[in-house]
There are 2 protein chains.
Amino acid sequence: MTVEDDVSPVPASSIDHWDHEADVVIVGYGIAGAAAAVESARAGADVLVLERTGSWGGAAAMAGGFIYLGGGTPIQKACGFTDSPSNMAAFLNVAMGPGADETRIADYCDGSLEHFDWLTDCGVPFKPEFWGEPGWEPPGDQGLMFTGGENAYPFNRIAEPAPRGHIPQMTGKVAGEKSGGFMLMKPLVETATALGVRAVYDVRVQTLVVESDGRVAGVVARQYGETVRVRARRGVMLAAGSFAYSESMVKQFAPAIAGRPAASIEQHDGRAIRMAQALGADLAHMDATEVAFLIDPQQTVRGVLVNGLGQRYVPEDMYSGRIGQLTLYRQEDTAYLIIDGDAQEDAMAATSATPFLKRPATWVCDTVAELEAEIGLPVGSLQATIGAYNEAAARGEDPLLHKKPEWIKPVGTPVGAIDLRASCGGFTLGGLMTSLDGAVLHVSGHPIPGLFAAGRCTAGLAAWGYASGVSLGDGSFYGRRAGRSAATA
Amino acid sequence: MTVEDDVSPVPASSIDHWDHEADVVIVGYGIAGAAAAVESARAGADVLVLERTGSWGGAAAMAGGFIYLGGGTPIQKACGFTDSPSNMAAFLNVAMGPGADETRIADYCDGSLEHFDWLTDCGVPFKPEFWGEPGWEPPGDQGLMFTGGENAYPFNRIAEPAPRGHIPQMTGKVAGEKSGGFMLMKPLVETATALGVRAVYDVRVQTLVVESDGRVAGVVARQYGETVRVRARRGVMLAAGSFAYSESMVKQFAPAIAGRPAASIEQHDGRAIRMAQALGADLAHMDATEVAFLIDPQQTVRGVLVNGLGQRYVPEDMYSGRIGQLTLYRQEDTAYLIIDGDAQEDAMAATSATPFLKRPATWVCDTVAELEAEIGLPVGSLQATIGAYNEAAARGEDPLLHKKPEWIKPVGTPVGAIDLRASCGGFTLGGLMTSLDGAVLHVSGHPIPGLFAAGRCTAGLAAWGYASGVSLGDGSFYGRRAGRSAATA
């Protein structure tokens, strides 16, 4: 163990001077930190944010920017969709499970409309326009999209489908450049700054400072090679992101995504989780991950997706993140998209926010039997699958997996396949256990005095499942709670 | 939080008298505790075991008694099997993964022959007779069996198949009564007792006692309504089992097995893990579980196993614990065994250690089409699966899943199905991180002074996969290490 690895708490009695002081010290200036900063300052606290990089933003500013909101938001209504907190919870309870925390989901859904208002009051812009095509994001500045498979089987039989992916409006959006997440972070940070929130950049928090009675009193950090001691008069709030980039933690807890972090940033090294664990903080759902499936959904939906046994396993119009989870965890990270020439041509021409994910066919053959042999699938397996698919598709049906009729079309010739082995990547969803008020919980069940957390260093809404927008959703929602709790601690 | 939930450490300075003292205090008298007691005493320590129930034994004494040993043991050799530590490791590295700790596996395999000798020196009897039929255990006192699918696809292509499930001989064994696990525990406890190891029963350890410098100095327990303080001059060794019976921990970490603990005992409440977490101990593989599949393997092997889409997913001659894992985690806990009248009759007549798990057909029909409709499988799905299976079976082949030729037979009529939904149960495999010497590791990476652990309260050999005998194997192997380390701390 090097000194840098040591996350053991430092006794407050050993510190003879503080380099900075504030009522509330927030570790990380991503979505959870920004939401906490605003609410903490509004509750009257003097707030200091410590950010490891040279600027605010975190993973949020690099993200597409989906925030999972519902229950009948003005954007949902303007786009003609009906929703309610209970309908939203019915979906999340199934889609985020098994192991989903139904109490937290109910809390989140009940507060969703108020949270939408809070975001718009802070200046986050949403354009009331719906994007209904398959895809990771809208191609333009549309503000609403299905982002969790709400309108796909089996979820469309469990709750009334309503799109809940709200994306801040980025006028003149250019693929690969600043996106919706930037337009979420910018207004929140501006709001925080106007409220007097201070920020220190390029400072890396190393460990927590603890009073003899166990209360968290501050942090010790490193900046430009020097040790920096920061006192928190009321509370420390951890908002430092996931452990997707900690090789050792991923191996211990989420080995299925070892070597494949995605949609995350290198700063997500899990250290905030470690620092809290050293105080006896509890964890949950450490194996849970978001999984991106690296192909344009405009292709997936027009093909037939099979596993290494040539079997279908998910309706191809399902949310791509769920296809990713089912592929990585349940199909040995092995999938092939069977797609005929016409369908591939249509997919290549279809509008998409991710044209760089449109993938050429790996193999193209005259017959399914030839394709099966080319891929190396068990003899007869793909022929049986495509035969059964085509037979039902001729009637406009998909009795096996209930793909929506609009996407059902028999597979013709020439027939190709896209090799989708090792095409999954993702970030971790597990982390610290917190109360609904954002207090970090000890393994004994009580809050650790003076310690708060939100965002991806905590176990939030998702247990096994996921929907795009859940991370910025629970990060901002419970970031606010944690900030308020810290301010009034 | 009630006082009983509090696992926060007690300062040694607050304790004014000790009710018991020893060099090494072992929490739990199951397999890990017994192995630790023997080695600790042999290393010269005065040893005290604190056991929660009224007697020694733990889950081990109730178990079938498999110990996973190999590398060329005298029993393997006597039964005509060749094995080596590297061949054993090649199997375990794949079968225990993803996320298997290859360093620990190599260590375990390299020490396996010596461990076999140690067990026999302690008086554990093994009969050099191999049982080659499908089943959970041998029906009699045979001492060797395949217990991890070593001889099934794909494992039989990865390493030379060798049986490694060594089972202590129970003469006059009666199904449901004392089994091999009892004959493992009895000699070990007798050995420990002869070495002067003391035991106190009906005492429930509540929390750890810690010196001001962080060293673990003892435990606080409850016995007959009174508080009992126990001093450990050299070390405390935790050997208190899994968290399979902690509803809250299972929900947090392993929700797939919520409500279905099996092959475990109610004392496995995870408290030892909690007590160590309160000191900053690290965890690993908390979602991993053993999964029992509750049907006699003599039936499974003679049928065709399909999921809720009517698809096959595992060769039916695979180790039943792996079928359980694949069914619970990857097939939504949904399986049906398709079996014709003749095969069912053969299975019912076949010798088995678990006749109580022979299950009648839930549905019986004249045709597969009727059966498909009765079960409620998607139209055409089961017909396609059985059609393809029978077509290849007529040639003695299984191109899809490579079931061994001896078990391949076309499915005839009348054809039945056994409903195997919700037929999985199991115990947790995750727990405390330890060094190869049995020291409990802090999240910073260093050993927690004075604290040792082994058995199912630790993360052992298994990450995602499992083989029967791995728990008694790593519990006894690393129990010895931990006992020796504690004695010399």
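About the thresholds
Residues numbered from 1 in each chain as written. Chains lettered and ligands numbered in written order. Predicted model: local features only at pLDDT ≥ 70, side-chain atom pairs only at ≥ 80, totals over all residues. Heavy atoms only, no water. Helix = DSSP H or I, 4+ residues; strand = E, 2+ residues; numbered from the N terminus. Rg over C-alpha atoms; globule rule 2.2 N^0.38 Å. Buried < 20%, exposed > 50% of the residue type's maximum accessible area, 1.4 Å probe, protein only. Areas by Shrake-Rupley, 256 points an atom, 1.4 Å probe, with all protein chains shown as cover. Lys, Arg positive; Asp, Glu negative; His and termini not counted. Charge placed at Lys NZ, Arg CZ, Asp CG, Glu CD. Pairing = 2+ DSSP bridges. Axes fitted to C-alpha atoms, helices over the stretch in contact; angles between N-to-C directions. Parallel < 35°, antiparallel > 145°, perpendicular 65-115°, else oblique. Contact = heavy atoms within 4.5 Å. Nonpolar A, V, L, I, M, F, W, Y, C, P; charged D, E, K, R; others polar. Least-squares fit on C-alpha atoms with pLDDT ≥ 70 in both. Left-handed = near helix turned anticlockwise from the far one by under 90°. Polar contact = N/O pair within 3.5 Å; in protein donor to acceptor, adjacent residues only side chain to side chain. Salt bridge = Lys/Arg side-chain N within 4 Å of Asp/Glu carboxyl O. Expected span 1.5 Å × (residues − 1). Core = buried A, V, L, I, M, F, W, Y, C linked by side-chain atoms within 4.5 Å. Buried area = accessible area lost by both parts, 1.4 Å probe.

**Observations concerning the overall build of chain A**
Reasoning step 1: Across its full length, chain A holds 16 helices and 21 strands.
Reasoning step 2: In terms of overall size, chain A behaves like a compact globule, its C-alpha atoms giving a radius of gyration of 23 Å where 489 residues would be expected to give roughly 23 Å.
Reasoning step 3: For chain A, the C-alpha atoms occupy an extent of roughly 80 × 50 × 40 Å along the three principal directions.
Reasoning step 4: A burial count over chain A gives 64% of its 489 residues as buried.
Reasoning step 5: As displayed, chain A has an accessible area near 16600 Å², and 50% of this comes from carbon and sulfur atoms.
Reasoning step 6: Taking the average location of the 37 positive side-chain charges in chain A and that of its 56 negative ones, the two points are 4 Å from each other.

**What to know about the sheet that holds strand E7 (residues 165-166) of chain A**
Residues and elements named next belong to chain A.
Reasoning step 1: Here 4 strands make up an open sheet; going across it, the order is E4-E7-E6-E5 and the pairing mixed. Lying at the two open borders of the sheet, with one neighbouring strand each, are strand E4 (67-68) and strand E5 (130-131).
Reasoning step 2: Both strand E6 (residues 144-145) and E7 contribute to a ladder of 2 bridges, which runs antiparallel. Pairing of Met-145 across the sheet is with Gly-165, part of E7.

**With respect to the packing of helix H6 (residues 112-121) of chain B against helix H16 (residues 470-487) of chain B**
All names here are of chain B.
Reasoning step 1: With their axes 11 Å apart at the nearest point, H6 and H16 run at an angle of 85 degrees to one another. Between H6 and H16, the angle is such that the two are roughly perpendicular. In contact with Ser-112, Glu-114, His-115 and Trp-118 of H6, H16 contributes Gly-473, Ser-476, Phe-477 and Arg-480.
Reasoning step 2: When the residues that make up the contact of H6 with H16 are grouped by side-chain class, the tally is 2 nonpolar, 4 polar and 2 charged.

**Description of the relation of the copies chain A and chain B**
Reasoning step 1: Of the transformation placing chain A onto chain B, the axial shift is 0.0 Å and the rotation is 180 degrees, giving an RMSD of 0.0 Å. As the rotation angle and translation indicate, the two copies are arranged about a two-fold axis.
Reasoning step 2: The fraction of interface residues of chain A whose copies in chain B are also interface residues reaches 100%, indicating that both copies meet through the same surface.

**Considering the packing of helix H4 (residues 85-95) of chain A against helix H5 (residues 102-110) of chain A**
Residue and element names in this part refer to chain A.
Reasoning step 1: H5 packs onto H4 with a crossing angle of 145 degrees between their chain directions and a minimal axis gap of 9 Å. Classified by chirality, the crossing of H5 by H4 is right-handed. Touching Pro-85, Met-88, Ala-89, Leu-92 and Asn-93 of H4 are Glu-102, Ile-105, Tyr-108, Cys-109 and Asp-110, all from H5.
Reasoning step 2: Here the contact of H4 with H5 is composed, by residue class, of 7 nonpolar, 1 polar and 2 charged.

**Regarding the side chain of Glu316(B)**
Residues and elements named next belong to chain B.
Reasoning step 1: Along the chain, Glu-316 turns up in the loop between strand E13 (304-306) and helix H12 (320-330).
Reasoning step 2: Within the structure, Glu-316 has its side chain in polar contact with the side chain of Arg-312 (distance 2.8 Å).
Reasoning step 3: Those residues in contact with Glu-316, other than ones at most four positions away along the chain, are Thr-300, Val-301, Gly-303, Val-304, Leu-305, Ile-323 and Lys-403.

**Quick look at the sheet that holds strand E6 (residues 165-166) of chain B**
Reasoning step 1: Judged by pairing direction, the sheet is antiparallel, and its 3 strands sit side by side in the order E4-E6-E5 (chain B) without closing on themselves. With partners counted over all chains shown, the strands left at the sheet margins are strand E4 (67-68) and strand E5 (144-145) of chain B, one partner each.

**Let's talk about unusual backbone geometry**
Residue and element names in this part refer to chain A.
Reasoning step 1: In the segment running from Thr-413 into Pro-414, the intervening peptide bond is cis, with an omega of -5 degrees.
Reasoning step 2: Phi at Asp-333 is positive, roughly 60 degrees, even though this residue is not glycine.
Reasoning step 3: Inspection of the secondary structure puts Asp-333 in the loop between helix H12 (320-330) and strand E15 (336-340).
Reasoning step 4: In this structure Asp-333 comes out as buried when scored by relative accessible area, which is 9%.

**Details of the pattern of salt bridges**
All names here are of chain A.
Reasoning step 1: All chains considered together, the criterion is met by 58 salt bridges over all chains.
Reasoning step 2: Between Arg-395 and Glu-397 there is a salt bridge; the shortest N-O distance is 3.3 Å.
Reasoning step 3: A relative accessible area of 46% places Arg-395 in the partly exposed class.
Reasoning step 4: Using a relative accessible area of 39% as the deciding quantity, one classes Glu-397 as partly exposed.
Reasoning step 5: The network of salt bridges with common partners includes Glu-21, Asp-23, Asp-46, Arg-198, Arg-231, Arg-233 and Arg-234.

**Quick word on the side chain of Lys358(B)**
Residues and elements named next belong to chain B.
Reasoning step 1: Positionally, Lys-358 belongs in the loop between helix H13 (341-349) and strand E15 (363-365).
Reasoning step 2: Within polar-contact distance, the side chain of Lys-358 engages the backbone oxygen of Ala-347 at 2.7 Å.
Reasoning step 3: Of note is the side chain of Lys-358, whose polar atom sits 2.9 Å from the backbone oxygen of Ala-350.
Reasoning step 4: Not counting chain neighbours up to four residues away, the residues in contact with Lys-358 comprise Asp-296, Gln-298, Gln-299, Ala-347, Met-348, Ala-350 and Ser-352.

**Section: H16(B)**
Reasoning step 1: With 18 residues, H16(B) ought to run about 26 Å at 1.5 Å a step, and its terminal C-alpha atoms sit 25 Å apart, in line with that.
Reasoning step 2: Along H16(B), 17 of the 18 residues are buried, which leaves the element largely enclosed by surrounding structure.

**A word on the nonpolar core**
Reasoning step 1: Judged by nonpolar contacts, the single largest core of 261 residues is most densely connected at Leu238(A), Leu451(A), Leu238(B) and Leu451(B).
Reasoning step 2: Those residues in contact with Leu451(B), other than ones at most four positions away along the chain, are Leu208(B), Val216(B), Val236(B), Leu238(B), Ala276(B), Leu279(B), Gly438(B), Ala439(B) and Val440(B).

**A word on the interface of chain A and chain B**
Reasoning step 1: Contacts between the two partners involve 39 residues from chain A, matched on the other side by 39 residues from chain B.
Reasoning step 2: When the two sides are added together, the surface that chain A and chain B hide from each other amounts to roughly 3300 Å², 54% of it contributed by carbon and sulfur.
Reasoning step 3: Linking chain A to chain B there are 4 salt bridges.
Reasoning step 4: In this structure, the salt-bridge partner of Glu332(B) is Arg330(A), at a minimum N-O distance of 2.8 Å.
Reasoning step 5: At the boundary of chain A with chain B, the tally comes to 19 residue pairs in polar contact (both at pLDDT 80 or more).
Reasoning step 6: Those elements giving two or more residues to the side of chain A that touches chain B turn out to be helix H9 (247-253), helix H10 (271-277), strand E12 (283-284) and H12 of chain A.
Reasoning step 7: Across the side of chain A that touches chain B, the residue classes tally to 19 nonpolar, 11 polar and 9 charged.

Nothing here speaks to function; it is all geometry.
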